[in-house]
Amino acid sequence: MRTKTCIQDLAILGGPPAFDQPLHVGRPNIGDRARLMQRLNDILDRAWLSNHGTCVQEFERRLKELLGVRHCLVVCNATVGLEIALRALDMHGEVIVPAFTAAATAHAVNWLGMTPVFCDIDAQTHNLDPACVESLITPRTSGILAVHLWGRSCAVEALADIAQRHRLKLLFDAAHALLCSHRGQYLGGFGHAEVFSFHATKFCNSLEGGAIATNDDALAQRITLMRTFGFSGPDVVLSAGINGKLNEFAAAMGLTSLESADQFIAVNRRHWQCAVASLADLPGVSMISYDTAERNNYHYLVLQVDAAQAGINRDALLAVLTAENVLARRHFYPGCHRWEPYVTADPQAYRRLPNTEKVAAQVLQLPNGTGIPPDAIQDICAVIRLAAANGGELMGRLGGDGRNPRVNPR
Ligand code: T4K
């Protein structure tokens, strides 16, 4: 790391970058390599590569025990997991979803021929606003697909109450929320089902992968059939289905990852605490908070930049950090409602999503996890402080309002 003390040191103005190597958001956490290699060799020796093999069975058993749910069915990725769960729950017509989420959430609904109805979020929690959910219910609404964004639990009880009163299905996209709790209980057992992601960029990964957790035996049975073409055994197909199976190599990675989860969390938590402390007194720039009374995986280091107070806006800060080789990301800008096919279908949707619009313009995700150097967070925060302290001058030099500024070519 190169120490930066004055504005001219910033790489965006021509100084050398703070980091020689790019620091990525989503750099995978890698667990015990020797254990992984041993598992991969065992898989090859068994010559059983997919279709509910030994590693998949063990992965499911461990997840089920850990989360305290009756069923945890692993799938090839969370997007397919969401699709299977939506279909197994017989959702149809309109499904209420947040716009401030990954495209995968809305696309899973769209892909099945249903309409995602975008709902605004609470500006503090970044999760669905229950009052807004209730206002969007129509005779065509069949369910709610809520997201535990950044692993912070939704207003679970309020959503369950709405779902029950209106006879709606309640599914949680828990892609970010493995080993995160709500009122002391791990997420996984709420609503009709919850779907986790083990994508490479998630805190615990199985290369690609996901899991559907539920306490509903009949639903679990339908999901089990659907993820394997509807086969209940050789030559017997009991329902429509697709190929949602997880392969053995992926399950081996998932198991190995899970075994190191505590270590990953400890690193993430240390980084989050460091960022919170380092930016504590900086006006207009804050880290999202985690409720330390709950269990969190602390995987998402999300900055919120209020340009009016900070003197620099989110996009200018992104350009500053990118030039320093800190490849921060604007997840989930600009919101699903501004992506296709939704923006063409409803170009005015943004008008009823004021909090989504505001938050999407302010958030910036910083690199986290075991893949970044030990002191990197402190150094990244030092760059953020320097940029904010010189916000006026930087915004002036970058031109315009600082939106989409050009990074100095090197
Ligand atoms: N619901 C929510 C709320 C989600 O966030 C997601 C996925 C889903 C559902 C669906 O889950 P899956 O079907 O994927 O299981 C990433 C991930 O692809 C995606 O899983 C994730 N959310 C989304 C938020 O982020 P990108 O577009 O950011 O990925 P990409 O390729 O730009 O990678 C990010 C950075 O990570 C890169 O700059 C480099 C680094 N990286 C990435 C990979 C894959 C590595 O260093 N190594 C790697 O192997 O989407």
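Residues numbered from 1 in each chain as written. Predicted model: local features only at pLDDT ≥ 70, side-chain atom pairs only at ≥ 80, totals over all residues. Heavy atoms only, no water.

(A) Looking closely at the overall build of the protein chain. Per the secondary structure count, the protein chain includes 15 helices and 16 strands. Radius of gyration (C-alpha) of the protein chain: 22 Å, near the 22 Å computed for a compact globule of 410 residues. With respect to the three principal axes, the spread of C-alpha positions in the protein chain is 70 × 55 × 40 Å. With 410 residues in all, the protein chain has 55% of them scored as buried. Partitioning the contacts of the protein chain with sequence separation of at least 6, the portion at a separation of at least 24 is 69%. If you sum the accessible surface of the protein chain, you get close to 17300 Å²; carbon and sulfur atoms cover 51% of it. Within the protein chain, one finds 37 positive and 39 negative side-chain charges whose respective centroids are separated by 2 Å. (Helix = DSSP H or I, 4+ residues; strand = E, 2+ residues; numbered from the N terminus. Rg over C-alpha atoms; globule rule 2.2 N^0.38 Å. Buried < 20%, exposed > 50% of the residue type's maximum accessible area, 1.4 Å probe, protein only. Contact = heavy atoms within 4.5 Å. Areas by Shrake-Rupley, 256 points an atom, 1.4 Å probe, with all protein chains shown as cover. Lys, Arg positive; Asp, Glu negative; His and termini not counted. Charge placed at Lys NZ, Arg CZ, Asp CG, Glu CD.)

(B) Up close: the side chain of S181. One can find S181 in strand 7 (residues 181-182). Note on S181: relative accessible area 4%, which makes it buried. Of note is the side chain of S181, whose polar atom sits 2.5 Å from the side chain of E294. Within the structure, S181 has its side chain in polar contact with the backbone nitrogen of R295 (distance 2.7 Å). With sequence-adjacent residues up to four places away left out, S181 is seen in contact with S153, Y186, L187, E294 and R295. (Polar contact = N/O pair within 3.5 Å; in protein donor to acceptor, adjacent residues only side chain to side chain.)

(C) Structural view of the packing of aromatic side chains. The full count for this structure, using the stated rule, is 10 aromatic pairs. Ring geometry for F100 against F332: centres 6.2 Å apart, planes inclined by 80 degrees, an arrangement best described as edge-to-face. Here F332 lies in the loop between strand 15 (326-327) and helix 12 (342-345) and F100 lies in the loop between strand 3 (94-98) and helix 4 (103-111), a separation of 232 residues in the sequence. Feature note: the residues F100, W150, Y300 and F332 constitute an aromatic cluster, connected by ring pairs. Across from the ring centre of Y186, 4.2 Å away, lies the NZ or CZ of R295, which sits over that ring. (Phe/Tyr/Trp six-rings, centres within 6.5 Å; stacked < 30°, edge-to-face > 60°. Lys NZ or Arg CZ within 6 Å of the ring centre and 35° of its normal.)

(D) Representation of the site of the ligand. If you check the shell around the ligand, you find 25 residues, and the closest are R27, T79, D173, H176 and S197. A distance of 3.4 Å separates an oxygen atom of the ligand from a polar atom in the backbone of G26. Separating an oxygen atom of the ligand from a side-chain N or O atom of H331 is a distance of 3.1 Å. For the ligand, whose accessible area on its own is 930 Å², the fraction buried by protein is 70%. Those elements that place two or more of their residues in the shell around the ligand are helix 3 (78-88) and helix 4. For the shell around the ligand, the class distribution of residues is nine nonpolar, 12 polar and four charged. (Near = heavy atom within 4 Å. Nonpolar A, V, L, I, M, F, W, Y, C, P; charged D, E, K, R; others polar.)

(E) Up close: the confidence of the model for the protein chain. Scored by pLDDT, the protein chain has a mean of 95; 97% of the residues are at 70 or more. By mean pLDDT, the top-scoring element of the protein chain is strand 6 (residues 169-173) (99), and the lowest-scoring one is helix 15 (residues 391-398) (87). pLDDT under 50 marks residues 404-410. Its contacts with residues more than four places away, or in other chains, come to 18 contacts. (pLDDT = per-residue confidence, 0-100.)

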